[in-house]
Amino acid sequence: MDWRTKLLDPAPRARSGYRSLATPVYRGSTVVFDSQADVTDDWRQAENGYSYGLYGTPTTLELAARLADLEGARHTFIVPGGQAAIALVYLAYCKAGSHALVPVSAYGPNREMADGLLRSLAITVEPYDPMIGSGIKDLIKDNTSLIWCESPGSVTMEVQDVPEIARVARGCGVPVALDNTYAAGVLFDAFAHGVDVSIQALTKYVGGHSDILLGSVSARDDHAYAMLGPVYRQLGLAVSPDDCSLALRGLQTLAVRLDRLQLSALAVAEWLARQADVETVLHPALPSCPGHANWKRDFTGSASVFSFLFRTGISAKQVEYFVNGLNLFKIGLSWGGVTSLAVVYPALDRPGKNYGGRLVRLNVGLEEPLDLINDLEQAFDLIESLERFSD
Ligand SMILES: *Cc1c(COP(=O)(O)O)cnc(C)c1O
């Protein structure tokens, strides 16, 4: 064999059987078959064997299988991000003429997709009050093909009565999808509470270090699996095995990170609730959070992200000054990593509510809670000096 040909020979030279504790990163598009008769192009690789890298390499499918096991799912699909997970669910369950329901408190780009791409495909998505509970029945129409829940909601943190919504939906034959990112798929048991499809932005807690973008879509049963699979294939939602490898590593420390984040976030939230400039703290484990009783009944813990509202009389400008004045809390979107973050949501669409630029969302990281509290305290002092200055 010419050395040039030798260079291209894919047969492994090293001894096989290296039993690493870490899942190997399998890169690859093409899968080699033994014979023409063995060639398949089937997305159901977990059952029917490997066919093509687009449907996942062993690294991806290892992550998928571990998540499915954790969540009690029939199967989990790994997709490029939480937003891709949302898109997959909409496109799998809705077609031209369909009606879907989404809580007003849903993740912003979910609602943006409803008003953008989905509208152009003649799919109508109607926003509903996240605290609606059994009242969801009145909104279900003959052509309702999907109900979204997201609990707690993004930024305003309403904890929904998911089991009640799922019960009513099941009675009407309408599938329920849940954005279970806050619970990392573990602090709220989606399938035990009647949900059909549970998605996560793995970008947040499973990744846990702000260095990957990845999502998951978990199917409750064979029916959900069959609804999602073909659309997953048609959309070509391939992911990087390197990102999956980081998510697998993230899973190993998920429990200790969540435990610590829960304690730190609660310490910060409880301190904030005692501050004179704070009107309310929207943290699911505090009674001041809408749906707190649902959280208490249905969740096994709380996480790192929550919001607080400055009292009336504090201007939007002061709130901005406060956020700019923080040192340990960085200004940034996303959450679930090791670094504390703060961001103002000046224009939130929440019917009947005007937060007037006074709502701040925090992600508490792994820094010492006392340092974080000191950081917040000096920022409160800053806005007081601004108050005096402008008087
Ligand atoms: C971040 C987030 C998403 C989107 O995840 P990406 O991986 O950033 O696309 C979806 N839902 C919720 C609730 C989120 O917080």
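Within each chain, residue numbers correspond to sequence positions counted from 1 in written order. The model is predicted, so local features are restricted to residues of pLDDT at least 70 and side-chain atom pairs to those at 80 or more, both for listing and for counting; the totals for chains, interfaces and linings are taken over all residues. Only heavy atoms go into the side-chain values, all of them from the structure, while hydrogens and water stay out.

1. A closer look at the site of the ligand
So, point 1. Nearness is judged by heavy atoms alone; a residue qualifies as near a molecule or strand once a single heavy atom is within 4 Å of it. What surrounds the ligand is a group of 13 residues, the closest being Gly-82, Gln-83, Asp-179, Thr-203 and Lys-204.
So, point 2. At a separation of 2.6 Å, a nitrogen atom of the ligand approaches a polar side-chain atom of Asp-179.
So, point 3. Here a polar contact is taken to be a pair of N or O atoms separated by no more than 3.5 Å, where protein atoms must pair a possible hydrogen donor with a possible acceptor and residues adjacent in sequence count only if both atoms sit in side chains. A distance of 2.6 Å is found between an oxygen atom of the ligand and a side-chain nitrogen or oxygen belonging to Thr-203.
So, point 4. Residue-level accessible areas treat just the shown protein chains as cover; the underlying method is Shrake-Rupley with a 1.4 Å probe. Look at the ligand: alone it shows 390 Å² of surface, and the protein chains cover 89% of it.
So, point 5. Per element, the largest residue contribution to the shell around the ligand is three residues, and it comes from helix α4 (residues 82-93).
So, point 6. Charged residues are taken to be Asp, Glu, Lys and Arg, nonpolar residues to be Ala, Val, Leu, Ile, Met, Phe, Trp, Tyr, Cys and Pro, and polar residues to be all remaining types, Gly included. Residue classes in the shell around the ligand are distributed as four nonpolar, six polar and three charged. Going along the chain from the N terminus, every DSSP run of H or I of four or more residues is numbered as a helix, and every run of E of two or more is numbered as a strand.

2. Focus: the packing of aromatic side chains
So, point 1. Ring geometry is summarised as follows: Phe, Tyr and Trp rings, the Trp one being its six-membered ring, pair when their centres sit within 6.5 Å, and such pairs are stacked at plane angles under 30 degrees, edge-to-face over 60 and tilted between the two. Tallying each qualifying case throughout the model produces 16 aromatic pairs.
So, point 2. Considering the side-chain rings of Trp-271 and Phe-380, the 6.0 Å spacing of their centres and the 55° angle between planes classify their relative orientation as tilted. Residue Trp-271 is located in helix α9 (residues 241-273), and its partner Phe-380 is located in helix α12 (residues 369-390); the two are separated by 109 residues in the primary sequence.
So, point 3. Whether a residue is buried, partly exposed or exposed follows from its accessible area with a 1.4 Å probe, protein chains only, as a fraction of its type maximum: under 20%, in between, or over 50%, in that order. With relative accessibility at 10%, the residue Trp-271 sits in the buried group.
So, point 4. Their ring planes at 50° and their centres at 5.2 Å tell us that Phe-308 and Phe-310 sit as a pair that is tilted. In this structure, Phe-308 and Phe-310 share a single accessibility class: buried.

3. Section: the pairing of strand β5 (residues 176-179)
Both faces of the sheet carry side chains from a regular strand, because those side chains alternate between them.
So, point 1. In β5, alternate side chains face the same way, and those of Val-176 and Leu-178 on one face and Ala-177 and Asp-179 on the other are all buried.
So, point 2. Here strand β4 (residues 144-150) runs beside β5; their pairing, made up of four bridges, is parallel. The partner of Glu-150 across the bridge, within β5, is Asp-179.
So, point 3. At this point the chain moves from β4, through helix α7 (residues 162-171), to the parallel β5, and the crossover so formed is right-handed.
So, point 4. Between any two strands, pairing holds if DSSP finds at least two bridges. Relative to strand β6 (residues 197-201), β5 runs parallel, the two sharing three bridges. Handedness rule for crossovers: strands pointing away from the viewer, path from the first strand over the helix to the second running clockwise, crossover right-handed.

4. Some words on the domain arrangement of the protein chain
Much of the literature gives interface size as the accessible area that the parts lose upon coming together.
So, point 1. What the domain assignment lists for the protein chain is domain 1 (21-248) and domain 2 (253-390).
So, point 2. Here the C-alpha centroids of domain 1 and domain 2 sit 28 Å apart.
So, point 3. Any two residues whose heavy atoms approach within 4.5 Å at even a single point are treated as in contact. Taken together, the 31 residues of domain 1 in the interface contact 35 residues of domain 2.
So, point 4. The term buried area refers to how much accessible surface (probe radius 1.4 Å) is lost by two components on association, counted for both of them together. Surface buried jointly by domain 1 and domain 2 totals about 2,800 Å² across both partners, of which 62% is contributed by carbon and sulfur atoms.
So, point 5. A per-residue breakdown of the area domain 1 buries against domain 2 is headed by Val-155, Leu-187 and Tyr-205, which together make up 28% of the total.
So, point 6. By definition, a salt bridge exists where a carboxyl oxygen of Asp or Glu is found within 4 Å of a side-chain nitrogen of Lys or Arg. Inspection of the region where domain 1 meets domain 2 yields two salt bridges. Note that domain bounds follow an automatic or database assignment of domains.

5. Details of helix α5 (residues 108-115)
So, point 1. Residues of α5 that are buried include every one of Asn-110, Arg-111, Met-113 and Ala-114, and no others. Summarising the axial view, the buried residues of α5 lie within an arc of 155°, below the 170-degree limit, and thus occupy one face.
So, point 2. Buried residues along α5 sit in contact with α4, β2 (99-103), α6 (117-120), β3 (124-128) and β4. Within this analysis, the arc is defined by the directions that extend from the helix axis to the C-beta atoms.

6. A few points about the sheet that holds β3
So, point 1. The mixed open sheet is built from seven strands, whose spatial order is β1-β7-β6-β5-β4-β2-β3. With one partner strand each, in any of the chains shown, β1 (75-79) and β3 form the two edges of the open sheet. The mean angle between the axes of side-by-side strands here comes to 20°, regardless of whether they run parallel or antiparallel.
So, point 2. Two strands pair when backbone bridges link them, and β6 and strand β7 (residues 215-219) are joined in this way by five bridges, in the antiparallel orientation. Across the sheet, residue Ala-201 finds its bridge partner in β7, namely Gly-215.
So, point 3. Between N-to-C directions, angles span 0 to 180 degrees; the directions come from axes that are lines fitted to C-alpha atoms, helices contributing only their stretch in contact. Seen against the sheet, helix α8 (residues 222-235) touches β1, β6 and β7 and runs at an angle of roughly 25° to β1.

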